Amino acid sequence: MSLLWKPTRRKTHSLCFSAVACLWASSLAATADPAPPRGVRLRNNLSAGVRTVYSLTIRTKRSTAPSDDQEAEILVYEQSGRLTLFGLSPPERSRADRAWMLELDEARPEELTRQGEPILPLPEPADLGLPPRAAQLRVDQATPLDAYAAVAGGSPVERAALLLALDVIHWPERQITAGEQWARSVDHEHLSGERTFTLTEVRGKGRKREAVVTSSVSGEFRDELQGSATLTRAEVSCVWHVSEKSLLDLESTVELSYTPQRQKRRMTVEVKLERVSHRKVGREERRAIAEELDELTEAVGTYRRGDRDAAVLALRDFESNHPRSMWLPVTRDLMSKAKYEQETLVSLSDEQLSAVLVQLITKWQGIAITDSPERLQPLRTTFAELVDTQREGLRRIVAGNEASMRAIAVFCFAFGSEEEDRRILVERARDDDGLVRAWAVYGLAERGEPDRDADLLYSALSDDDARVRQRACMAVRACILSTSGHRARFADRLIEMVAGDEHEDVRTLAAVSLARLAQRRHLGRLRAIRQQEQAAPVRDLLERVIRQVNSQPTDGPE
């Protein structure tokens, strides 16, 4: 819009008047300020029946580094998928129900090198612990300013990275112009912090305007990732169609490091999202889609309550009645899981169940010793399914006389979702046999429930059996947070263990746990212990702890 006033042309205008007007306009043009930058108001589309589909590509680089200057293994893999958004109901008080469906194909390895040498042929995805095929459906409420993301599949670290890459649709209330910034707090499952946004460019005109928005995240991991994962970088660039109120494309890069046991790992996740369709469906089609979703939600609820047979029948009926439903990826994902359970985990005798447990725990130990947490994820899923389908058989084995089988069965309960499963772990953490106690405490570490069993874990740190003390150190690392009121007494006990335990493995795991719990008041003793320590791995770990604690500004809560 021009700032110059232009008089309406009429036949009665004299030539003299026209000349004066031109001279005045020319003078004004010479002194007027330039046109102000164009502002935009970014909003989410809450219209019922709007269906938007995106193609998704996730490229991940995962490296293992036993030291800061050496990369022992580099793995690159890619996962494709689709994201579907659907508005379910008209907005009511500036909120509207929205369905978010994320489908991910099985990840495929592209490159694997060890000590700089390529590994060919590439192993199977499951042998590398790559994310499997998965589907996630979530129905929530979006507002004009906020529309949250949901992720599926993979390990907690991979899900945290993907959520940082996708959860970016959060707009300011005000109208903004290119160069302006705003911020939103980040409160995800595993990370808290702040995301800073910048409107970098507005291009196009009228109904074709597009806003280019960049953002970055700063924050700290929490819960089971606290103390073991660090966010290095999370940057996103996206293009937003202003009038359609819809994301056009997105590119994200998330870098983080994490330290399972003694090795340092780095992960870089690159995500590309491109819109492939965007349309509003008619009222009848919208009603049919919503009814299908209600039917599917009921079947999913049946599945989650543990009635697999009824859920399978409901899912089959759904596929038969709605062969073209947009929700079929979710039914197929659940059907695949249910079929696996029916074929492999149903009606096992105690002898068969024991054989399955031995195979699983052997594989678990073989992977765990290599510090490859991602490769354990499929086993965690299998253990959880065993608890769901073989609960009575597992109880009988736990109550049996053979200590080694009691230990394996107890560990299995770590992956159960019921409160009873935790109670079994707590009971067996006081078992007469040290092996059973060790695996029960190991199970508490896998559950990773902060402060839940603090007194039990503190007692286990002084157990007569070194295996129990090792597992107790692992559980402390998973369960006792730096913000815990139990921090001081656990840190003091771990320092005693590093200083005096006769077993190097116990001292090593105690030092690993100290990385999060030690405080500045411990520095003098830590330095003295490091000088006296004979084992190089323990000395190196203590040096890292000292550097980390020395960087703390003040002690946390005692």
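Whatever comes next refers back to the structure up there.
All values reported here derive from a predicted model rather than from experimental measurement.

Caption draft 1: Molecular detail of the packing of helix H6 (residues 350-368) against helix H9 (residues 403-412). Direction vectors running N to C along H6 and H9 enclose 75 degrees, while the axes themselves pass 10 Å from each other. The orientation of H6 relative to H9 falls into the category roughly perpendicular. Residues Ser354, Leu357, Val358, Ile361 and Trp364 of H6 form the contact with H9, whose own contacting residues are Met405, Ile408, Ala409, Phe411 and Cys412.

Caption draft 2: Up close: unusual backbone geometry. Proline 121 follows leucine 120 through a cis peptide bond whose omega is -5 degrees. Its location among the elements puts proline 121 in the loop between strand E6 (117-118) and strand E7 (134-142). Unusually for a residue other than glycine, lysine 245 sits at a positive phi of about 55 degrees. Structurally, lysine 245 is set in the loop between strand E12 (229-241) and strand E13 (246-258). Overall, the relative accessible area of 37% leaves lysine 245 in the partly exposed class.

Caption draft 3: Representation of the nonpolar core within the structure. Within the largest apolar cluster, 78 residues are counted, with the highest numbers of intra-cluster contacts made by Leu357, Phe383, Leu494 and Leu514. Take this core: its biggest share by element is nine residues, from helix H13 (residues 466-479). Listed in part, the 65 residues of the second largest apolar core include Tyr54, Leu102, Ala161 and Val269.

Caption draft 4: Representation of the side chain of arginine 422. Mapped onto the fold, arginine 422 is located in helix H10 (residues 419-428). Take arginine 422: its relative accessible area is 12%, and that puts it in the buried class. A polar atom in the side chain of arginine 422 sits 2.5 Å from the side chain of aspartate 453. Sequence-distant contacts of arginine 422, that is, excluding residues within four places in its chain, are made with Arg447, Glu449, Arg452 and Asp453.

Caption draft 5: Region of the structure containing empty space enclosed by the protein. Across all of its chains, the model carries three cavities of 30 Å³ or more by this definition. In this model, the largest cavity occupies a volume close to 370 Å³. Along its surface, the largest cavity is lined by 30 residues, and Asn45, Tyr54, Leu85, Arg98 and Ala147 are the ones closest to its centre. Taken together, the residues that form the lining of the largest cavity break down as 19 nonpolar, seven polar and four charged. Of the pockets and cavities examined, the second largest cavity occupies roughly 130 Å³. Along the wall of the second largest cavity there are 15 residues; nearest its centre are Ile58, Gln79, Pro131, Glu158 and Leu162. Elements that contribute at least two residues to the lining of the second largest cavity include exactly strand E2 (50-65), strand E3 (73-87), helix H2 (156-166) and strand E14 (264-280). Per-element tally for the lining of the second largest cavity: the top contributor is H2, with four residues.

Caption draft 6: How the structure looks around the environment of methionine 101. With respect to the helices and strands, the residue methionine 101 is situated in strand E4 (residues 96-104). Along the backbone, methionine 101 and proline 329 are 228 residues apart, and their C-alpha atoms lie at a distance of 8.7 Å. When residues no more than four places from it in sequence are discounted, the contact partners of methionine 101 are Arg82, Leu83, Thr84, Gln136, Leu137, Met326, Trp327, Pro329 and Val330.

Caption draft 7: Spatial organisation of helix H16 (residues 523-532). Among all positions of H16, only Leu523, Leu526 and Ile529 are buried. Taken around the axis of H16, the buried residues stretch over an arc of 125 degrees, which confines them to a single face. In this structure, H16 carries Gln531 and Gln532 as exposed residues pointing more than 90 degrees from its buried face. Structurally, H16 contributes buried residues whose contacts are with helix H14 (487-500), helix H15 (504-517) and helix H17 (536-550).

Caption draft 8: Inspection of the packing of aromatic side chains at higher detail. One pass over the structure, following the stated rule, counts 14 aromatic pairs. Residues tryptophan 364 and phenylalanine 411 carry aromatic rings whose centres are separated by 5.2 Å and whose planes lie at 70 degrees to one another, so their mutual orientation is edge-to-face. In this pair, tryptophan 364 is assigned in helix H6 and phenylalanine 411 in helix H9, connecting sequence segments 47 residues apart. Across this residue pair, the class does not change: tryptophan 364 and phenylalanine 411 are buried. Seen from their ring centres, tryptophan 364 and phenylalanine 415 are 5.7 Å apart, and the 65 degrees between their planes marks the pair as edge-to-face. Residue tryptophan 364 is found in helix H6, and its partner phenylalanine 415 is found in the loop between H9 and H10; the two are separated by 51 residues along the sequence. For tryptophan 364, a relative accessible area of 0% gives the class buried. In this structure phenylalanine 415 comes out as buried when scored by relative accessible area, which is 14%. Aromatic rings pair up to connect Trp364, Phe383, Phe411, Phe415, Trp439 and Tyr442 into one cluster. When the ring centre of tryptophan 439 is taken as origin, the NZ or CZ atom of arginine 471, which lies over that ring, is 5.3 Å away.

Procedures and definitions
Residues numbered from 1 in each chain as written. Predicted model: local features only at pLDDT ≥ 70, side-chain atom pairs only at ≥ 80, totals over all residues. Heavy atoms only, no water. Axes fitted to C-alpha atoms, helices over the stretch in contact; angles between N-to-C directions. Helix = DSSP H or I, 4+ residues; strand = E, 2+ residues; numbered from the N terminus. Parallel < 35°, antiparallel > 145°, perpendicular 65-115°, else oblique. Contact = heavy atoms within 4.5 Å. Buried < 20%, exposed > 50% of the residue type's maximum accessible area, 1.4 Å probe, protein only. Core = buried A, V, L, I, M, F, W, Y, C linked by side-chain atoms within 4.5 Å. Polar contact = N/O pair within 3.5 Å; in protein donor to acceptor, adjacent residues only side chain to side chain. 1 Å grid on protein atoms, 1.4 Å probe; cavity = no way out; pocket = protein on both sides within 12 Å on 5 of 7 lines; lining within 4 Å. Points joined across faces, edges and corners; volume = space filled by probe spheres on them. Nonpolar A, V, L, I, M, F, W, Y, C, P; charged D, E, K, R; others polar. Arc of directions from axis to C-beta. Phe/Tyr/Trp six-rings, centres within 6.5 Å; stacked < 30°, edge-to-face > 60°. Lys NZ or Arg CZ within 6 Å of the ring centre and 35° of its normal.

Nothing here speaks to function; it is all geometry.
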